[in-house]
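A look at the structure
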Amino acid sequence: WITITTFYLKYRPQKIADLDLEQVRIRLSEILSVSDQNMPHAFLFSGPKGLGKTSAARILAKAINCEHKKKGNIEPCNKCDICLGITNGSNLDLIEIDAASNRGIDEIRDLREKIKLSPISARFKVYIIDEAHMLTTEAFNALLKTLEEPPSHAIFILCTTEIGKLPATIVSRLQKFNFSRAKGEDLEKVIFKI
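Criteria and thresholds
Residues numbered from 1 in each chain as written. Predicted model: local features only at pLDDT ≥ 70, side-chain atom pairs only at ≥ 80, totals over all residues. Heavy atoms only, no water. Helix = DSSP H or I, 4+ residues; strand = E, 2+ residues; numbered from the N terminus. Rg over C-alpha atoms; globule rule 2.2 N^0.38 Å. Areas by Shrake-Rupley, 256 points an atom, 1.4 Å probe, with all protein chains shown as cover. Lys, Arg positive; Asp, Glu negative; His and termini not counted. Charge placed at Lys NZ, Arg CZ, Asp CG, Glu CD. Pairing = 2+ DSSP bridges. Axes fitted to C-alpha atoms, helices over the stretch in contact; angles between N-to-C directions. Phe/Tyr/Trp six-rings, centres within 6.5 Å; stacked < 30°, edge-to-face > 60°. Buried < 20%, exposed > 50% of the residue type's maximum accessible area, 1.4 Å probe, protein only. Lys NZ or Arg CZ within 6 Å of the ring centre and 35° of its normal. pLDDT = per-residue confidence, 0-100. Parallel < 35°, antiparallel > 145°, perpendicular 65-115°, else oblique. Left-handed = near helix turned anticlockwise from the far one by under 90°. Contact = heavy atoms within 4.5 Å. Nonpolar A, V, L, I, M, F, W, Y, C, P; charged D, E, K, R; others polar.

1. With respect to the overall build of the protein
- Secondary structure summary: the protein contains eight helices and five strands in total.
- In summary, the protein has a C-alpha radius of gyration of 17 Å against a globular reference of 16 Å for 194 residues, a match within 12%.
- Counting only C-alpha atoms, the protein reaches 45 × 40 × 35 Å along its principal axes.
- Taken as a whole, the protein presents about 11000 Å² of accessible surface, with 53% of it coming from carbon and sulfur.
- Here the protein holds 28 positive side-chain charges and 24 negative ones, and the gap between their average locations is 2 Å.

Here you go:
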């Protein structure tokens, strides 16, 4: 019996320190070191495909919801029920929306209705909207109202490969992170780590 290992799954980062892009790692560390009251409610992760935007969004979801997070520590433990649930995709307080196939106003209206409900087990309900640039104009308008007046238990992370297609009104309400292509020395570090 031969076991086939998918390297991108095996080496997918699981904590902030594992993120390969230094500027993203530093900014997330700074944000996570503040109190929950000063936590931004909406983030924008933009950049080319394959740079870890969605992985970073899941790590952020774990870091803000980890049951064993101690003051002064920003890393998720990756052992508590919430961390494990987010890692394996079974946590009900992490909602991932693929905007490429759920791009209309009806999906955003549904999100606006459900966002009023408190988290089930985590401190924050985290909404990851992948390929956010695919949302329709009407959907963006509906999302804007939610971003302007979010419930205190909700955090949004929009991931996109085409930031230019997002309305300026949406972008202005998000904490922006630019995921840039790796340089030669960055790739060298990753290969050495593997």
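Back to the text.
2. A look at the sheet that holds strand S3 (residues 125-130)
- The strand order across the open sheet built from five strands is S2-S3-S4-S1-S5, with neighbouring strands paired in parallel fashion. With one partner strand each, in any of the chains shown, strand S2 (94-98) and strand S5 (175-178) form the two edges of the open sheet. Direction aside, the axes of adjacent strands within the sheet are offset by 15 degrees on average.
- The sheet contact formed by S2 and S3 spans five bridges and is parallel. In the strand pairing of S3, Leu 94 is matched with Val 126.

3. Things to note about the packing of aromatic side chains
- Per the stated rule, a full pass over the model turns up five aromatic pairs.
- Seen in terms of ring centroids, Phe 45 and Phe 177 are 5.2 Å apart; in terms of plane orientation they differ by 75 degrees. Their pairing is edge-to-face. Linking Phe 45 in strand S1 (residues 42-46) with Phe 177 in strand S5, this pair joins segments that are 132 residues apart in sequence.
- Where Tyr 127 meets Phe 156, the ring centres are 5.4 Å apart and the plane angle is 20 degrees; that geometry is what we call stacked. Of this pair, Tyr 127 sits in strand S3 while Phe 156 sits in strand S4 (residues 154-160), and the two are 29 residues apart along the sequence. Residues Tyr 127 and Phe 156 agree in their burial class; the two are buried.
- These aromatic residues form a ring-pair network of at least three members: Phe 43, Phe 45, Phe 177 and Phe 179.
- The aromatic ring of Phe 177 is capped on one face by Arg 27, whose charged end is 4.2 Å from the ring centroid.

4. Things to note about the confidence of the model for the protein
- For the protein, per-residue confidence averages 91 on the pLDDT scale, and residues scoring 70 or more make up 97% of the total.
- Mean pLDDT values over the elements of the protein span from 74, in helix H1 (residues 7-10), up to 98, in S1.

5. Here's the deal with the packing of helix H3 (residues 53-65) against helix H4 (residues 81-88)
- One can describe the packing of H3 onto H4 by two numbers: an axis separation of 9 Å at closest approach and a directional angle of 165 degrees. Classified by the angle their axes make, H3 and H4 are roughly antiparallel. Judged by the sense of rotation from one axis to the other, the crossing of H3 with H4 is right-handed. On the side of H3, the interface is formed by Arg 58, Ala 61, Lys 62 and Asn 65, while H4 contributes Ile 82, Cys 83, Ile 86 and Thr 87.
- Taken together, the residues of the contact of H3 with H4 break down into four nonpolar, two polar and two charged.

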